[in-house]
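Descriptive structure summary
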Amino acid sequence: MSVRGQQRHFDRRQALTGLGRGLLGLGALGLTGASLSGCGSDNANPKGKSITVGSKGFAESWIMGELYAQGLRNLGYTVDLKTNVGSSDIISAALLSGQIDLYPEYTGVMLVSFMGEDKLMDSAEETYELAQTWAEDNQVTMLKATPFENKNAVAVRKEFAEEHDLKSVSDLKGIGDFTYSTYPDNVTGAQGYEGIVDSYGLDNMKLKTLSIGLNYQAIERGEIDAADVFTTDPQLLRSDLVVLDDDKKLFGFQNVVPLIRDDTFVDFDDGATEFLNELQSLLTLEAIQAMNEASAINRLDPAQVAKTFLDDNGLM
């Protein structure tokens, strides 16, 4: 099952203080509960069409949706933001049916979930190019990909990695029996527990299923030896874990792209395209992890996190 097609279970309680750290490389957030009322223009879309931006049901997608929506509003477009639209299959259907006009999607998800592609790609560029064929076939415009990607990975404690000289997932093969955790929906499938065992020959990897998020507590307490994580998880900033290299590229490439209906994109002026491409280029792993931490762990409103990022980077 595609990990990006699943809805992540983060609490979206709003809080306006307590960031705890600045956005790495972006300057201090300085979030103090300022009003968002001035975050964009209320002018109508210069081309006369309202734009509906969608997002999925987890913190990272909420933030991305807010970044798109607030930036376009600031350029004078009328934007309706719909959060929690659903999984990749649901939100892509909403895009193709015209219920939404724009949303952030992961390139690897497009290959696996939309195209049924089971061949492993050699690079992020190859993944992007193949995903673009789906976009073109479905009258969808796909802009620049983010530098960051969010995909499954295998993490171990630093001391465990040092004890067994672990650098890649393949290195786990010769260490004897060990316990790995993932969430129940990710046991089967090419990228799930069974896929890892088969692809890497890890008959020594024993399974313990845990709900999303509980794996961090379990591995830090030593209840498991290895854990399924997402590479943009903010918990990785606070834990003593080593993410092992996916040397067989089993988990593919999962950079984020804005998908825009062609009949919406034709109404974009050059400023809108330039904004989205510039925004995408600034979304590094460090940037998205810091924003995820602010929203999912420090409980800041994703709208405020997005506004601060746009302000700090001169995009508002």
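Residues numbered from 1 in each chain as written. Predicted model: local features only at pLDDT ≥ 70, side-chain atom pairs only at ≥ 80, totals over all residues. Heavy atoms only, no water.

**Overview of the sheet that holds strand β9 (residues 241–243)**
Read from one edge to the other, the open sheet built from five strands follows the order β7-β6-β8-β5-β9, with strand pairing classed as mixed. Pairing within the sheet leaves two strands with one partner each, and these edge strands are β7 (205–209) and β9. Each strand of the sheet is rotated relative to its neighbour by a mean of 35 degrees, with strand direction disregarded. Judged from the three bridges that link them, strand β5 (residues 152–157) and β9 form a sheet pairing that is antiparallel. Bridge pairing links A155 to V243 in β9. Strands β5, β6 (178–182) and β7 of the sheet are contacted by helix α6 (residues 193–200), whose axis makes an angle of about 170 degrees with β7. (Pairing = 2+ DSSP bridges. Helix = DSSP H or I, 4+ residues; strand = E, 2+ residues; numbered from the N terminus. Axes fitted to C-alpha atoms, helices over the stretch in contact; angles between N-to-C directions. Contact = heavy atoms within 4.5 Å.)

**Regarding the packing of helix α1 (residues 59–74) against helix α10 (residues 285–297)**
Direction vectors running N to C along α1 and α10 enclose 110 degrees, while the axes themselves pass 9 Å from each other. Relative to α10, α1 is oriented roughly perpendicular. For the pair formed by α1 and α10, the contact residues are A59, E60, I63, M64 and L67 on the first element and I288, M291, N292, S295 and A296 on the second. (Parallel < 35°, antiparallel > 145°, perpendicular 65-115°, else oblique.)

**Digging into unusual backbone geometry**
Unusually for a residue other than glycine, D165 sits at a positive phi of about 55 degrees. In this model, R299 sits at a positive phi of 65 degrees, which is unusual for a non-glycine residue. Among the structural elements, R299 can be located in the loop between α10 and α11 (302–312).

**Let's talk about the side chain of D228**
Inspection of the secondary structure assignment puts D228 in strand β8 (residues 226–230). By relative accessible area, D228 is classed as buried at 5%. Residues within four places of D228 in sequence aside, it is in contact with N152, A153, Y180, S181, T182, Y183, N186 and N215. (Buried < 20%, exposed > 50% of the residue type's maximum accessible area, 1.4 Å probe, protein only.)

**Here's the deal with the pairing of strand β2 (residues 79–82)**
Only one face of β2 is buried, namely the one carrying V79 and L81, since none of D80 and K82 on the opposite face is buried. Considered for its hand, the β-α-β crossover made up of strand β1 (residues 51–54), α1 and β2 is right-handed. (Right-handed = clockwise from strand over helix to strand, strands pointing away.)

**Quick notes on the environment of L111**
Within the fold, L111 resides in helix α3 (residues 107–114). Of the residues examined, L111 reaches a relative accessible area of 4% and is grouped as buried. Those residues within four positions of L111 in sequence are excluded, and the remaining contacts are G116, E117, M121, T127, L130 and A131.

**Structural notes on the nonpolar core**
Residues L67 and L279 are the most contacted members of the largest nonpolar core, which totals 35 residues. For this core, the elements supplying multiple residues, two or more each, are β1, α1, β2, β3 (102–106), β10 (256–261), α9 (270–282), α10 and α11. Of the residues forming this core, the biggest block, six residues, is contributed by α1. Ignoring any residue separated from it by four or fewer positions in sequence, one finds L279 in contact with L67, Y68, F309, L310 and L315. Counting 21 residues, the second largest nonpolar core, distinct from the first, contains V169, V187, L202 and A226. (Core = buried A, V, L, I, M, F, W, Y, C linked by side-chain atoms within 4.5 Å.)

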